[in-house]
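Remarks on the overall topology
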Amino acid sequence: GMAESTKTLKKHPVVSAAAGFFSGATEAAITMPFDTVKTYCQVQKSTTGVSPITGARDIFRLKGIGGFYFGLPAVLVQVAGKGAIRWSAFEQFKQGLQKAGAPKASVDFCAGIGAGFAEAFLWTTPTERLKVLRQNDIRSGLNRYASLPSAVRTVAKEHGVRGLYAGIGACGIRQASGVGVRFAVYGRVKSAITSDPPQLWQSAVAGGLTGCVSTALNHPIDVCKTRIEAQDGASQVKEYTGTVQCLRTIVRQEGVRALYRGIAPRMIKISLGQAITFSAYERYSEFAAEAAGFFGGFAGVSTATSK
């Protein structure tokens, strides 16, 4: 019947991509200021560091409210595309693993790792790089990366296409571990606390808890990623060459605590973001699936073929 077809359609790549796209955009618009504060705290090299509150004050003083949305075009493009790739890749990997008879407990985690790597390679690394360079404009006082197209041109001209992939190692590890943990934990938490289909607050709580776990686990990698991506290369010799070397350098120069810099705003951003994403995704995917069901034969998405 109708309910069954909606459930099947929710797994359809187009539907999961559309739902991922909209939930991602919703999340970005709300959580972006926390991300900007996080980057600001992470790029400051010192043994003491900058507190998130001080960071927020600085940004406001230097650039006003708009400063919190520096790099927003890159983020909207990123988040929307990322949502689309992540959810559709996740559903595809999951179906593949289930067909292959992988142990049930590991399916979500492995599919999440696969989705994370796919997303980092196809999408997240270049867009993160552009976002961090733009956010770093706040501190450098230059306006080198004012618009997205000019940022792409500047990076391509000065560093070649490879410049867009600076930080791919750290970004890949961060996305794969984060997404793997998120999908694994989310599935567990969701089944523990929710009815089916989950109510909005249940999805939100599950998403929030999931966000906390993944953030705590891979924050040091995130700091490295920011440092590597903020290197402009125009003026200075590259201080950070790879993920491991970057970890070592930061610990040696600034102490272990530097690896947890910006964790408070990131914790808020990710937990809030995951809460929004997971609850919005559930809603958007129902909505998109119903719309697709409504237009039934319209795109060759008949329920007969997708069963």
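Residues numbered from 1 in each chain as written. Predicted model: local features only at pLDDT ≥ 70, side-chain atom pairs only at ≥ 80, totals over all residues. Heavy atoms only, no water.

**Remarks on helix H9 (residues 243-254)**
The line we're drawing: In DSSP terms, a helix is any run of H or I states spanning at least four residues, a strand is any run of E spanning at least two, and both are numbered starting from the N terminus. A helix's residues, less one, multiplied by 1.5 Å, set its expected span. Exposure classes here rest on a 1.4 Å probe applied to the protein chains alone. A residue is buried below 20% of its type maximum, exposed above 50%, and partly exposed in between. Here the arc refers to the directions that run from the helix axis out to each C-beta atom.
The terminal C-alpha atoms of H9 lie 16 Å apart, and with twelve residues this matches the ideal 16 Å at 1.5 Å per residue to within 8%. Those residues of H9 not exposed but buried are Thr243, Cys246, Thr249, Ile250 and Glu254. Across the axial projection of H9, the buried residues extend over an arc of 125°, all falling on one side. Of the residues in H9, the exposed ones pointing more than 90 degrees away from the buried face are Val244, Arg248 and Arg252. Of the residues trailing H9, Gly255 is marked for its positive phi of about 90°.

**Description of the pattern of salt bridges**
For the record, the criterion: Any Lys or Arg side-chain nitrogen found within 4 Å of a carboxyl oxygen on Asp or Glu counts as a salt bridge.
Scanning the model with the defined rule gives 20 salt bridges in all. The shortest N-O distance in the salt bridge between Asp35 and Lys269 comes to 3.2 Å. One end of the pair, Asp35, is in helix H2 (residues 13-43); the other, Lys269, is in helix H10 (residues 263-294), and 234 residues separate them in sequence. Judged by its relative accessible area of 3%, Asp35 is buried. A salt bridge links Lys131 to Glu128; the nearest nitrogen and oxygen atoms lie 3.2 Å apart. With Lys131 and Glu128 both in helix H5 (residues 104-140), this residue pair falls three residues apart, about one helical turn. Accessibility expressed as a relative area gives 3% for Glu128, which makes it buried.

**Thoughts on the nonpolar core**
The condition that has to hold: Throughout this description, the term nonpolar core refers to a set of buried Ala, Val, Leu, Ile, Met, Phe, Trp, Tyr and Cys residues connected via side-chain atoms within 4.5 Å.
Core analysis: the largest hydrophobic core is formed by 13 residues, its most contacted members being Trp87, Phe90, Ala115, Phe183 and Phe278. Those elements giving two or more residues to this core turn out to be helix H4 (72-99), H5, helix H7 (168-193) and H10. Counting residues per element, this core draws most heavily on H7, at four residues. In terms of nonpolar packing, the next biggest core, distinct from the first, is built from eight residues, Val223, Ile228, Ile250 and Ala258 among them.

**Description of the environment of Val15**
Keep this limit in mind: Contact between two residues is taken to exist if any of their heavy atoms lie within 4.5 Å; hydrogens are not considered.
Structurally, Val15 is set in helix H2. Between the C-alpha atom of Val15 and that of Ala291, which follows or precedes it by 276 residues, the distance is 9.4 Å. With residues near it in sequence (within four places) discarded, Val15 still touches Leu9, Lys10, Ser285, Ala288, Ala289 and Ala292.

**Overview of empty space enclosed by the protein**
For clarity, the cut-off: Detection works on a 1 Å grid of protein atoms alone, calling trapped sets that fit a 1.4 Å probe cavities and calling open sets with protein on both sides within 12 Å along at least five of seven lines pockets, with lining residues defined by an atom within 4 Å of a point. Grid points are joined across faces, edges and corners, and a volume is the space filled by probe spheres set on the points. Charged means Asp, Glu, Lys or Arg here, nonpolar means Ala, Val, Leu, Ile, Met, Phe, Trp, Tyr, Cys or Pro, and polar covers whatever is left, Gly included.
Throughout the structure, instances matching the rule amount to one cavity of 30 Å³ or more. Considered as a void within the structure, the largest cavity measures approximately 450 Å³ in volume. Taken together, 31 residues line the largest cavity, and the ones lying closest to its centre are Glu27, Lys82, Arg86, Arg182 and Lys269. Going through the elements one at a time, H2, H4, H5, H7 and H10 are the ones with two or more residues in the lining of the largest cavity. No other element matches H2, which puts nine residues into the lining of the largest cavity. For the lining of the largest cavity, the residue count by class is nine nonpolar, eleven polar and eleven charged.

**Digging into H2**
Counting along an α-helix, one turn takes 3.6 residues, and residues three or four places apart therefore face a common direction. Our working rule: Two axes are fitted around each residue, one to the seven residues ending there and one to the seven starting there, and the angle between them is reported as the bend at that residue.
Spanning 31 residues, H2 covers only 37 Å between terminal C-alpha atoms, well under the ideal 45 Å at 1.5 Å per step. Thr31 marks where H2 bends most, by close to 55°; the proline Pro33 follows one to four residues later.

**Examining the side chain of Gln135**
Relative to the helices and strands, Gln135 is located in helix H5. Taking relative accessible area as the criterion, Gln135 reaches 3% and is therefore assigned buried. What Gln135 contacts, discounting residues up to four positions off in sequence, is Met32, Asp35, Thr36, Thr39 and Phe70.

**Topic: the confidence of the model for the chain**
Worth spelling out the cut-off: The predictor attaches a confidence to each residue, and that confidence, scored 0 to 100, is pLDDT.
On average, residues of the chain score 86 in pLDDT, and 93% of them reach the 70 mark or higher. Put simply, helix H11 (residues 303-306) is where the chain has its lowest mean pLDDT, 41, and H9 is where it has its highest, 96. The model gives residues 301-307 a pLDDT under 50, and that stretch makes nine contacts with residues more than four places away or in other chains.

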